[in-house]
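Examination of the molecular architecture
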Amino acid sequence: MDTFFLATKLRIPPQPHHVVYRARLINALERDVPDYKLILLSAPAGYGKSTLLSQWAHASRFPVAWLSISEEDNDLIRFFRYLLIGWEQIQPGVRETQVGLLLDDVMPDPQAVMAAFVNVASDVPGDLVFVLDDYHLIADPAIHQALTFLLDHLPPKLHFVLTARADPPLPLARYRAHRELSEFRAVDLRFLREETAAFLNEEMGLELTNDEIARLQTQLEGWIAGLQLAALAQRRCLAGTEGLIVSGRHRFFADYLREDVLAPLPDRMRRFLLQTSILERLCGQLCDAVTGGADSQAMLESLERQNLFLMQLDDSREWYRYHRLFADYLQSELGRLHPDAVTDLHRRAARWYLAHDLPEQALHHAIKGADLEIAVRIFDLYINIKLNTGQLSIVKRWLESLPEQWYSSHPVFDIARAGLLAFTGALDACVRCIDEVEHRLAPVESEQARRQLAKVTAVRCAIACMQDDLVQAKTYADQALHGLSAEDDPFLHLVHGALGDVYRRKGHWEEARQCYLKVLTLPDRPAYRVHSAHAFGALADLELRQGRLRAAAAYWRKALAGIRDHANWGGMPLPVIGWIYIRMSETLYEWNELAEAREHLHQGLKRAELGGDVRAIIAGYLMAGRLKLTEGDIAAADVYLERARPLVENSPFPDWIGRFGRLQLEVWLAQNRLRAAVAWADVMLQGNALKRALESEEAQLAMARLLILKGDTLSLEHALELLKDLLQAAEATDRAGIVIEALALQALANWRRGDSASALTTLERGLRLAEPEGYVRLFADLGLPMGRLLQEAHSRDVMPDYVGKLLMAFSTDLAFPTSAERALPEPLTEREQEVLRLIAAGLTNREIAEALIISPETVKKHTGSIYSKLGVSTRTEAAARARDLDWLD
């Protein structure tokens, strides 16, 4: 967005020094606002439409969102973004609503934006007014259609006020018929006789008689710009009012400006007015650059004091603009008197705008000044950014505005056209376009031609990446990087970023990492920060795969900083933003920072759902389910699991099947549905299903935990064997997170077997890997068995500070153990399990002793230990608990 001018476009203009307070019209506007959805001020230039609205807006009891429209606003999404920011200024928080989140997307769906705009507006607490000043500058039919949609569905508390030089292409007749439109025409806006008198004698300091005022009123028919001009002429004593014979307004205006206003001015001031007339808005620095002077700010303030048709745009008197009629006249005079100077003035303006990172204004003046060099520079610097941030309509408008001969003189414009075709899905046309460019460049023997060919190859690399053709993309990347120079950083961004994405999709983690790091080493210009945010998010993903939580979190935070930077608003895809928030919530969850994890998840999930990104939605639902499980809300966890189920089963992201299955297992355990968990295990243990499963590491860890919970000798041996293989594979690929969890489960298996020495040794090894990264939930989510083991470690002074921190996660009501875990505060030995099964079968102590070839006293001792561990006091209760745990046939 045009952030440099954003404040002035959205600020209600300050009042001029000399202005008549138009109470009758202000009161009429204030009265009409609650009763009409649209108020239209339609009149030719010079009738004071903007000044009147500014007076009303400053005094109104209604909140007013103001937008001064310029020709650059002929883009539907930009138009809505300006509306939203204006709305935010009077109703803070609206950017966090559905419409704000949609407009945060790089390429939002216009239909969804319009529907959300209406829905959010339905909740406004009171009347709210949008003012669109100079709406006649809108030429894009899509904006007219969108505004019609809004007006047709507008909630009763929302109102639009438009100023225009002619009727806008809206269904005004229908609005009139339905009494939804209030209109102020030229006949309504012109000065009445008493207003003319007040303006000329009180505001302009003249001493005209009633007859003189009446003559001017009759000649000019209350035309405010003409009255101002006549007052300026009279003040300079260059013409009496009897000389003001008006035969036509435009001729009158031009003649008197030339003869009675400009002619008496000092040469320096007259030259300043003509030279700066090419500018849409003016500030001291910009005017200095155009005129070559050093006192432009003082000159602007002097012109404002003399009321020379200069309008102040901010309270700090930094930005101004000329009255539209005055600017038109000055430009005409500049072309008539100094035609040879026009080109150079535009070139100076183009260079200033480019230096201040304002490419659209720079290109406008470059074209007006026939400055091919600046235009090429603008396209080199900004086209890739515009394309990657979804500003396709702007790129199209740029290309259409170029002189046709420029295409044949420089290939950068056809390369930009090829990029636009690629981003709109016309890949075949894109390839034909760059083929033509390559054909033109191939015979040319020069360094410049070689660089342009390298850019063509960079585009070919990007196309290959879009088609997921890694081999071809790598070949093109090598060729492009060999020919590109350090000054070609937009194309370096394009190659490294696109190649990194393909490597990541193909599972080549280290190659992807190197590409993203190269993106971050390129110049940190504001226009490239969107690429940087994407690279930070991708690098965080890669670090997380290696279990490096702190490095991942650092990258997530940098990505989020880029997302939250106002300058980058609307520059990233909404699904990517959602994904980054959700993945950051996972890290916060692991650190047991649950409140922050919930907030990040909330921010991410609503963006993922609005953006329709299935992968991010799956990640969000699984994270939400895990948080609910941690809180002890098993029913809510199950709801999120069921929301995720059809997405996982029907999406092109099968790598999430393992994570889904793992959460499903934990929910079953929390619900005490051990038979369902065992049935899943039986299926996974058939053949080699477990090793073949997508995300098999997740499935293997889930299986190991279930086998440990079963607790019989065979299950524990199977778990340890599984964990041994998993540990070796994870260590070989430096998957530290998997290594830590495998060690934690190994420790539990050994603890369950009664091998406390091995359990504590293995646990300490895992703890030493986990402590630097701050892992908490990995241990806490293993429930009370891990809590007991950690208590034992703490009693033996094993890493007491870190273990104490982990135990704190068990000491709150958020440490929610499953039913099975609550039933097993301490594991049963293998002999105790045998005794328990015989008790449940109804055998007496003597019969159990005979069956196991032990003494009755030993049976009695085992029975007492079983009662203690199970928290029961009778044989019947012990048998019932065993059946609850699904241990009995």
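Note: the structure precedes this text.
This is a predicted model, so every value here is computed, not measured. (Residues numbered from 1 in each chain as written. Predicted model: local features only at pLDDT ≥ 70, side-chain atom pairs only at ≥ 80, totals over all residues. Heavy atoms only, no water.)

**Observations regarding the packing of aromatic side chains**
Worth spelling out the cut-off: The pairing test for Phe, Tyr and Trp rings, Trp by its six-membered ring, is centres within 6.5 Å, and the orientation test on the planes gives stacked under 30 degrees, edge-to-face over 60, and tilted for anything in between. Each helix corresponds to a stretch of at least 4 residues labelled H or I by DSSP, and each strand to a stretch of at least 2 residues labelled E; elements are numbered beginning at the N terminus. A simple rule labels every residue: compare its accessible area, found with a 1.4 Å probe on the protein chains alone, to the largest value its type can have, and call it buried under 20%, exposed over 50%, or partly exposed in between. Only when the NZ of Lys or the CZ of Arg is both within 6 Å of the ring centre and within 35 degrees of the ring normal is a charge said to sit over the ring.
Enumeration according to the criterion identifies 16 aromatic pairs in this entry. Arranged with centres 5.7 Å apart and planes meeting at 90°, the rings of Trp87 and Phe130 form a pair that is edge-to-face. With Trp87 in helix H4 (residues 76–90) and Phe130 in strand S3 (residues 128–133), the pair connects residues that are 43 residues apart, well separated along the chain. Taking relative accessible area as the criterion, Trp87 reaches 0% and is therefore assigned buried. Seen in terms of ring centroids, Tyr621 and Tyr640 are 6.1 Å apart; in terms of plane orientation they differ by 45°. Their pairing is tilted. Residue Tyr621 is found in helix H33 (residues 614–631), and its partner Tyr640 is found in helix H34 (residues 634–650); the two are separated by 19 residues along the sequence. Judged by relative accessible area, Tyr621 falls into the buried class, the value being 11%. Overall, the relative accessible area of 18% leaves Tyr640 in the buried class. Three or more aromatic residues joined by ring pairs form one cluster here, namely Phe79, Phe80, Trp87, Phe117, Phe130 and Phe160. Taking the ring centre of Tyr82 as reference, the NZ or CZ of Lys9 above it sits at 5.0 Å. The aromatic ring of Trp579 is capped on one face by Arg615, whose charged end is 3.7 Å from the ring centroid.

**What to know about helix H21 (residues 392–401)**
The following threshold applies: It is the directions from the helix axis to the C-beta atoms whose arc is reported. Two residues qualify as a contact provided that any one of their heavy atoms is within 4.5 Å of a heavy atom in the partner residue.
Listing the buried residues of H21 in full gives Leu392, Ile394, Val395, Trp398 and Leu399. Axial view of H21: buried residues confined to an arc of 160°, hence all on one face. Along its buried surface, H21 packs onto H4, helix H19 (359–368), helix H20 (372–388), helix H22 (404–409) and helix H23 (412–423).

**Digging into the packing of helix H41 (residues 756–770) against helix H43 (residues 783–795)**
For any two helices packed against each other, the geometry comes down to the angle between their axes and how far apart the axes lie. Worth spelling out the cut-off: Whenever a helix is involved, its axis is fitted only over the stretch in contact; in every case the axis is a line through C-alpha atoms, and angles between N-to-C directions fall within 0 to 180 degrees. Any angle from 65 to 115 degrees is called roughly perpendicular, while one under 35 is roughly parallel, one over 145 is roughly antiparallel, and all others are oblique. Here the term charged refers only to Asp, Glu, Lys and Arg, the term nonpolar to Ala, Val, Leu, Ile, Met, Phe, Trp, Tyr, Cys and Pro, and the term polar to all other amino acids, Gly among them.
Taken N-terminus to C-terminus, the directions of H41 and H43 make an angle of 90°; their axes are 11 Å apart at the nearest point. In terms of their interaxial angle, H41 and H43 are classed as roughly perpendicular. Judged by residue contacts, Ala759, Leu760, Leu763 and Leu767 of H41 engage Met786, Leu789, Leu790, Glu792 and Ala793 from H43. For the contact of H41 with H43, the class distribution of residues is 8 nonpolar, no polar and 1 charged.

**Comments concerning helix H46 (residues 830–840)**
All of the buried residues in H46 are Glu832, Gln833, Val835, Leu836, Leu838, Ile839 and Ala840. Two residues or fewer past H46, Gly842 is found with a positive phi of approximately 95°.

**Observations regarding the pattern of salt bridges**
Definition in use: Within this document, salt bridges are pairs made up of a side-chain nitrogen of Lys or Arg and a carboxyl oxygen of Asp or Glu, the two lying within 4 Å of each other.
Overall, the coordinates contain 52 salt bridges when judged by the stated rule. Note that Arg460 is salt-bridged to Glu438, the shortest N-O span being 2.9 Å. Taken as a pair, Arg460 in helix H25 (residues 447–466) and Glu438 in helix H24 (residues 427–441) lie far apart in primary sequence, 22 residues in all. Arg460 gets classed as buried once you look at its relative accessible area, which sits at 12%.

**Some remarks on the state of the cysteines**
As a reminder, the rule being used: Our working definition of a disulfide is a cysteine sulfur pair at a distance within 2.5 Å.
All chains considered together, the criterion is met by 0 disulfides. A disulfide-free cysteine, Cys287 has its sulfur positioned 6.5 Å from the sulfur of Cys283, the nearest such atom. When its relative accessible area of 0% is taken as the criterion, Cys287 is described as buried. Here Cys430 is not disulfide-linked; the sulfur of Cys433 is the nearest cysteine sulfur, at 6.9 Å. Of the residues examined, Cys430 reaches a relative accessible area of 0% and is grouped as buried.

**Digging into the environment of Leu453**
By the element assignment, Leu453 lies in helix H25. Sequence separation between Leu453 and Arg675 is 222 residues, and the spatial gap between their C-alpha atoms is 65 Å. Sequence-distant contacts of Leu453, defined by excluding residues within four places in its chain, comprise Glu438 and Leu441.

**With respect to the nonpolar core**
The line we're drawing: As used in this record, nonpolar core signifies buried Ala, Val, Leu, Ile, Met, Phe, Trp, Tyr and Cys residues forming a set joined through side-chain atoms within 4.5 Å.
With 197 residues, the main nonpolar core has Phe80, Trp87, Leu132, Phe160, Phe779, Met786 and Leu790 as its most contacted residues. The leading source of residues in this core is helix H40 (residues 736–753), at 11 residues. Not counting residues within four places of it along the chain, the set of residues in contact with Phe160 comprises Lys37, Leu38, Ile39, Phe130, Leu132, Leu147, Leu150, Leu151 and Leu154. Ala43, Trp66, Met204 and Ala327 belong to the second-largest nonpolar core, a separate cluster that totals 106 residues.

**Observations concerning the sheet that holds strand S1 (residues 38–42)**
What holds strands together in a sheet is hydrogen bonding between their backbones, with the strands either parallel or antiparallel. The cut-off we apply is this: For two strands to count as paired, DSSP must find a minimum of two bridges between them.
Taken in spatial order, the 5 strands of this open sheet run S2-S3-S4-S1-S5, and their pairing is parallel. In this open sheet, the two strands that pair with only one neighbour each are strand S2 (64–68) and strand S5 (181–184). Taking the axes of each pair of neighbouring strands and ignoring which way they run, one obtains an average angle of 15° across the sheet. Taken together, the 4 bridges between S1 and S5 define a ladder with parallel strand orientation. Bridged to Leu38 within S5 is Leu181. Along the sheet, helix H3 (residues 49–59) makes contact with S1, S2, S3 and strand S4 (158–164), crossing S2 at roughly 155°.

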